[in-house]
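# Topology and contacts: notes
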Amino acid sequence: MVTRADVVVVGGGAMGSAAAWQLARRGREVTLLERFGPGHTQGASHGASRNFNLSYGEDTYLSLLHEALPLWRELEAESGVTVLDQVGLANHGANPAFDAVASALPTYGFDASFLTPEEAGERWPGIRFDGRVLFTPQAGRLDADAAVSALQRAAAARGAVVRHHSRVVAIRVVSDESVLVDVQPVDPISGEPAGAVETLDARRVVVTLGAWTSKLLGSSVPSIALPRLVVTQEQPAHFAVRDTTLTWPGFNHAPNPVDPSYDYWYSGVYGMFTPGQGVKAGWHGVGAVVDPDARTFVSEPAQLAALRRYAREWLPGADPDDFVEISCTYTTTPDSNFVVDSVGPVSVGAGFSGHGFKFTPSIGRILADLVDGTGPAPALFSLAAAR
Ligand SMILES: Cc1cc2nc3c(=O)[nH]c(=O)nc-3n(C[C@H](O)[C@H](O)[C@H](O)COP(=O)(O)OP(=O)(O)OC[C@H]3O[C@@H](n4cnc5c(N)ncnc54)[C@H](O)[C@@H]3O)c2cc1C
C-alpha cells in the first residue's frame, strides 16, 4: 500500500523531533517515524542531562546558540515542561581558547568572566579547579528526555503524526517531488517486524538517523555523499554526591598535554549535576567504534577505571566508588562539525559529534528551512564542506 504524504521525518531522536516541531509550527503536514518506543535508550538523545554549554568561539555555533536559547523557552511555554536550567558552566584546565571564547560571547549577548580557582572552589566546593576558570552564567543543563518528549508532544499538538515502533527499511528518491519511504511496523516488546511494510510517497523527506545514518541513507540515497561518520559507544557515569547541599555548575576540564600527571586521561572531561542521579562525568569521543545494531551497552573497564580516578582526583564532592554507568552513541564527522544539508527532496541532519543537543531547536529550524527552500544551511555544515 502506498500512501501520499507531505513531509516525512525519519528518526525521532532530538534532531528529528525538533524538525517535526518546527515544520508543524509552519503548518506543514508532518509524519515523524521512529523505530523504537518513546523514551528509548538506544541512540544519542536519552538521559536527564546535557550541557547547554556556550563556550564556543566559532560564529556559526554562537549564532545557533543565540537562536536556541529563546527557542528552548518557546518549547517550554508551548509544552508546559521545563527543559533548561541555567545553572552556569565552569571551564577550567589548559584550554588555549579561553580568551577567544571570552571575547566572542558578549557579541552574542552571553556573559563570560574569569574566576580564580580559589574563588570558584569556594562557590562550588564539589569540584577541584585547575587554574583560572572561565565561567558562563547563561549556560546550563538540558533535560534530554524531557526535551525530546516535549518536542514530539508539541509537534503532535500542532497536527504532526508521531509514529513510534516504525522502522524505515528503505528510502528511494523517485523525482524532485516524490520519495518512497518503506516503513516496517515493529512489535513494541520484541522489536520484531509486526505486519506488512507500508510505503509513504513523500514530497519531502528529512533524515535524522543519528548512528544509523550511514547504514540506511548511505545505502539508499547515493546522491547524498556523506562524509565519513564514526559511531562510538560513549560511557560516562553518574557519581553519587557526598553532600546533597552542594550546588554544581556544568563543567568542562581540559588536560595539560605537557604534564605527565594527565597521562591517564582519555580526552577532556565534561560533566554536570543531574538531579536525582548525581554528578555526571565523561570522556569525550573516545568510546569503542561500534555498529549501532550490535552494541554491548557495557563500559570498557580501563576507561571506566580512569574516569573513576578522575572523579577521585578532581571531584571531591563526588564518590568515585558509588556510580552508575551510562551508554550512549556519538556519530562523529572528521572535523566534528555537523552535517546539515539537502539534495533535491531529501534533507539530512547527522554527525552531531557528541555536542549537538544544545543546538537542537535551531537545527530543527534549519531542516525546516531546507524543506521549505527558504534558506541554506550554514556553509560549515554543508555536504560539500572540506572536512
Ligand atoms: C554520552 C553523551 C553525552 C552528550 N553530552 C552532550 C552535552 O552535554 N551537550 C550537547 O549539546 N550534546 C551532548 N551530546 C550529543 C547529543 O546528545 C547528540 O548530538 C544528539 O542527541 C544527537 O541527536 P540525533 O537526533 O542526531 O540522534 P539520535 O537521538 O540517536 O536519533 C536518531 C533516531 O533515529 C532512530 N532510528 C534509527 N534507525 C531508524 C529507522 N530505520 N527507522 C526509524 N527510526 C530510526 C533511532 O531510534 C533514534 O531515535 C551527548 C551525547 C552523548 C551520547
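These numbers come from a predicted model, not from an experiment.

Despite not being glycine, Ser336 shows a phi value in the positive range, around 65°. Summarising the element assignment, Ser336 is placed in the loop between strand E20 (328-332) and strand E21 (339-343). Residues other than glycine seldom take positive phi values, yet Ser353 does so here, at roughly 50°. The residue Ser353 is located in the loop between strand E22 (346-350) and helix H8 (360-372) in this model. On the basis of relative accessible area, Ser353 is assigned to the buried category, the value being 2%.

Turning our eyes to something else, we now look at the nonpolar core. Phe52, Trp72, Val340 and Ile363 are the most contacted members of the largest nonpolar core, which has 59 residues in total. Among the secondary structure elements, those contributing two or more residues to this core are strand E1 (2-10), helix H1 (14-25), strand E2 (30-33), helix H2 (59-79), helix H3 (98-104), helix H5 (144-157) and H8. No fewer than three residues from each of domain 1 (2-46 + 146-227 + 336-381) and domain 2 (83-140 + 231-332) sit in this core. With sequence-adjacent residues up to four places away left out, Trp72 is seen in contact with Phe52, Val83, Leu84, Leu142, Ala147, Phe357, Lys358, Thr360 and Pro361. Counting 28 residues, the second largest nonpolar core, distinct from the first, contains Ala5, Leu200, Val205 and Val290.

Taking burial as the measure, the five residues of strand E5 (residues 89-93) include five buried ones, the bulk of the element. The pairing of E5 with strand E15 (residues 250-254) spans five bridges and is parallel. Across the sheet, residue His92 finds its bridge partner in E15, namely His253.

What follows deals with the site of the ligand. Inspection of the region around the ligand gives 34 residues, with Glu34, His40, Ser45, Asn51 and Cys328 positioned closest. Note that an oxygen atom of the ligand is positioned 2.8 Å from one of the side-chain N or O atoms of His40. Here Gly356 contributes a backbone N or O atom positioned 3.2 Å from an oxygen atom of the ligand. For the ligand, the accessible surface in isolation is 1000 Å², of which the surrounding protein chains cover 97%. Of all elements in the fold, only H1, strand E3 (50-52), strand E10 (166-175), strand E16 (269-274) and E20 reach the threshold of two or more residues within the shell around the ligand. Broken down by class, the residue content of the shell around the ligand amounts to 15 nonpolar, 14 polar and five charged.

Split by domain assignment, the chain resolves into domain 1 (2-46 + 146-227 + 336-381) and domain 2 (83-140 + 231-332). Put simply, the middle of domain 1 and the middle of domain 2, counted by C-alpha atoms, are 30 Å apart. The interface is formed by 18 residues belonging to domain 1 together with 14 residues belonging to domain 2. Carbon and sulfur atoms supply 51% of the area buried between domain 1 and domain 2, which totals about 1200 Å² over both sides. The largest per-residue losses of area from domain 1 upon contact with domain 2 belong to Ala211, Lys215 and Ser353, which jointly make up 34% of the total buried on that side. A salt bridge links Arg35 to Asp293; the nearest nitrogen and oxygen atoms lie 3.0 Å apart. Applying the counting rule to domain 1 against domain 2 returns 10 residue pairs in polar contact (both at pLDDT 80 or more). When its residues are assigned to classes, the side of domain 1 that touches domain 2 shows six nonpolar, nine polar and three charged.

Counted under the stated rule, the structure contains 23 salt bridges. In this structure, Arg73 engages Glu76 in a salt bridge whose closest nitrogen and oxygen atoms are separated by 2.8 Å. Here Arg73 pairs with Glu76, and both are found in helix H2, just three residues apart, close to one helical turn. Under the relative-accessibility criterion, Glu76 is labelled buried at 13%. Taking the shortest distance from any N to any O, the salt bridge between Lys215 and Asp293 comes out at 2.7 Å. Of the two residues, Lys215 sits in helix H6 (residues 213-220) while Asp293 sits in the loop between strand E18 (288-289) and helix H7 (301-314), which places them 78 residues apart along the sequence. Here the salt bridges share partners, and the residues they tie into one network are Arg26, Arg28, Glu67, Arg365, Asp369 and Asp372.

Analysis parameters
- Residues numbered from 1 in each chain as written.
- Predicted model: local features only at pLDDT ≥ 70, side-chain atom pairs only at ≥ 80, totals over all residues.
- Heavy atoms only, no water.
- Helix = DSSP H or I, 4+ residues; strand = E, 2+ residues; numbered from the N terminus.
- Buried < 20%, exposed > 50% of the residue type's maximum accessible area, 1.4 Å probe, protein only.
- Core = buried A, V, L, I, M, F, W, Y, C linked by side-chain atoms within 4.5 Å.
- Domains from an automatic or database assignment.
- Contact = heavy atoms within 4.5 Å.
- Pairing = 2+ DSSP bridges.
- Near = heavy atom within 4 Å.
- Polar contact = N/O pair within 3.5 Å; in protein donor to acceptor, adjacent residues only side chain to side chain.
- Areas by Shrake-Rupley, 256 points an atom, 1.4 Å probe, with all protein chains shown as cover.
- Nonpolar A, V, L, I, M, F, W, Y, C, P; charged D, E, K, R; others polar.
- Buried area = accessible area lost by both parts, 1.4 Å probe.
- Salt bridge = Lys/Arg side-chain N within 4 Å of Asp/Glu carboxyl O.

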